[in-house]
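# Fold and geometry: a report
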Amino acid sequence: MDKTLFKRLKKDGLSWPEDKDLARKVQRELADKVALSPLAKAPALIAGVDSAFFDDRVISTACLFSFPSLELIEETFAIKEVRFPYIPGLLSFREGTSTIEAIEKLKKKPDLIIFDGQGIAHPRGLGIASYAGVLLDIPSVGCAKSRLVGEYDEPGKTKGSWSPLKILDKTVGAVLRTRANVEPVFVSPGHKIDIKGSLRLVLACATAYRLPEPTRRADALSKTLARKHASRA
DNA sequence: GCGACAG
DNA sequence: ATCTTGTCGC
């Protein structure tokens, strides 16, 4: 894949519908660049990202936290016109570009980013966490609220319990209980981290709620800002 | 053709 | 994701 397309994806993403097939092709190519090696160094700064919609626009937020102390350091957001519909497996092209922009607006570069979506637990091994992780070349983890692909057994009801998420005989992530007696989350590595590391990270960010603090905060902020900007040119 | 299907 | 109040349960 050439650098031109690489930069274009970060800046403008893909449009609809002429590039729908290109989207899948791009995913298959980027998937080869995903690294599942253990985290190189302990992260000190972690960012959580999420997106919300209003009118015909997408607003993505990035919340930076210290780690493992989990103190909020800074928050950013980016708004863009929605150019792609929601299609299972192609989420990256709907909210990936604005998400990347929000991350790049952070004054301090995060050592790792947690996404509200899948990492490699994806049809082509490139969920939004892997997609953005590769384009930004920053370690990333996917923490989704529901399953996209893979099979699993119900994990134990206690906090910290988990069971492998696998496609055929290949483990691509884990179904983790971040809070007792509450629906589990689907964790999978995005880029430059392995499954065990992803699990430890998400669990370390799970305080008293189902979603890890960085992502939970980004979710709340995106919704608040979306309502604030709604129906207001 | 039928069912599944991140946000 | 989004449209939306109160209500059941731990």
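This text follows the structure it describes.
Remember, it's a predicted structure, so these values are computed and weren't measured experimentally.

Cut-offs and rules
- Residues numbered from 1 in each chain as written.
- Chains lettered and ligands numbered in written order.
- Predicted model: local features only at pLDDT ≥ 70, side-chain atom pairs only at ≥ 80, totals over all residues.
- Heavy atoms only, no water.
- Near = heavy atom within 4 Å.
- Polar contact = N/O pair within 3.5 Å; in protein donor to acceptor, adjacent residues only side chain to side chain.
- Nonpolar A, V, L, I, M, F, W, Y, C, P; charged D, E, K, R; others polar.
- Pairing = 2+ DSSP bridges.
- Helix = DSSP H or I, 4+ residues; strand = E, 2+ residues; numbered from the N terminus.
- Axes fitted to C-alpha atoms, helices over the stretch in contact; angles between N-to-C directions.
- Contact = heavy atoms within 4.5 Å.
- Buried < 20%, exposed > 50% of the residue type's maximum accessible area, 1.4 Å probe, protein only.
- Phe/Tyr/Trp six-rings, centres within 6.5 Å; stacked < 30°, edge-to-face > 60°.
- Salt bridge = Lys/Arg side-chain N within 4 Å of Asp/Glu carboxyl O.
- Parallel < 35°, antiparallel > 145°, perpendicular 65-115°, else oblique.

### Considering the protein's contact with DNA strand C
- Near DNA strand C the following residues occur: Ala52, Phe53, Lys145 and Lys223.
- In the model, a phosphate oxygen of DNA strand C is placed 3.5 Å from a nitrogen or oxygen of the Phe53 main chain.
- Counted by class, the surface near DNA strand C contains 2 nonpolar, no polar and 2 charged residues.

### Re the sheet that holds strand S3 (residues 72-81)
- Reading across the sheet, the 8 strands line up as S3-S2-S1-S4-S5-S8-S7-S6 and stay open at both edges, with mixed pairing between neighbours. Looking at which strands have only one partner, the edges of the open sheet turn out to be S3 and strand S6 (162-167). Pairs of neighbouring strands in the sheet enclose a mean axial angle of 25°, with direction left out of account.
- Of the pairings in the sheet, the one linking strand S4 (residues 112-115) to strand S5 (residues 140-144) comprises 3 bridges and is parallel in character. Its bridge partner being in S5, Ile113 is matched across the sheet by Ser140.
- Contacts from helix H6 (residues 213-229) reach strand S1 (45-54), strand S2 (57-66), S3 and S4, with the element oriented near 30° to S1.

### Points about helix H5 (residues 195-205)
- Turning to H5, its buried residues are Gly197, Ser198, Leu199, Leu201, Val202 and Cys205.
- N-cap assignment for H5: the residue whose side-chain oxygen lies 2.7 Å from the backbone N of Gly197 is Asp194.

### Concerning the packing of aromatic side chains
- According to the stated counting rule, one finds 4 aromatic pairs in the structure shown.
- With centroids separated by 5.4 Å and ring planes inclined at 75°, the aromatic side chains of Trp16 and Phe84 adopt a geometry described as edge-to-face. Of this pair, Trp16 sits in the loop between helix H1 (3-11) and helix H2 (20-31) while Phe84 is found in the loop between S3 and helix H3 (92-104), placing the two residues 68 residues apart along the sequence.
- Plain terms: the ring middles of Phe84 and Phe93 are 5.8 Å apart, the flat faces sit at 45° to each other, and that makes the pair tilted.
- Judged by relative accessible area, which is 1%, Phe84 ranks as buried.
- Using a relative accessible area of 5% as the deciding quantity, one classes Phe93 as buried.
- One aromatic cluster in this structure is built from Trp16, Phe84, Phe93 and Tyr131.

### Let's talk about the protein's contact with DNA strand B
- Around DNA strand B lies a shell of 17 residues, among which Tyr86, Gly89, Lys145, Ser146 and Arg147 are the nearest.
- Leu90 places a polar main-chain atom, nitrogen or oxygen, 3.4 Å from a base nitrogen of DNA strand B.
- The separation between a phosphate oxygen of DNA strand B and a polar main-chain atom of Lys145 is 2.7 Å.

### Considering the pairing of strand S7 (residues 170-176)
- Burial of S7 is extensive: 5 of the 7 residues sit out of reach of the surface.
- Between S6 and S7, which pair antiparallel and follow one another directly, the connecting turn spans 2 residues, one of which, Leu168, has a positive phi of 60°.
- Sheet topology places S7 next to strand S8 (residues 185-191); 3 bridges connect them, and they run antiparallel. Residue Ala174 lies in a different strand from S8, and its bridge partner there is Val187.

### Observations concerning the pattern of salt bridges
- Taken as a whole and assessed by the stated rule, the structure comprises 14 salt bridges.
- Asp137 serves as the salt-bridge partner of Lys192, at 2.8 Å between the closest nitrogen and oxygen. Taken together, the positions of Lys192 in the loop between S8 and H5 and Asp137 in the loop between helix H4 (128-136) and S5 put the pair 55 residues apart, joining distant regions of the chain.
- Judged by relative accessible area, which is 30%, Lys192 ranks as partly exposed.
- Given a relative accessible area of 42%, Asp137 falls into the partly exposed group.
- The partner of Glu154 in a salt bridge is Lys157, and the shortest N-O contact between them spans 3.9 Å.

### Let's talk about the packing of H1 against H3
- Packing of H1 against H3 brings their axes to within 7 Å, and their N-to-C directions diverge by 85°. In this view, H1 runs roughly perpendicular relative to H3, as classed from their interaxial angle. Note on element contacts: H3 touches H1 through Phe93, Thr97, Ile100 and Glu104, opposite Leu9, Lys10 and Lys11.

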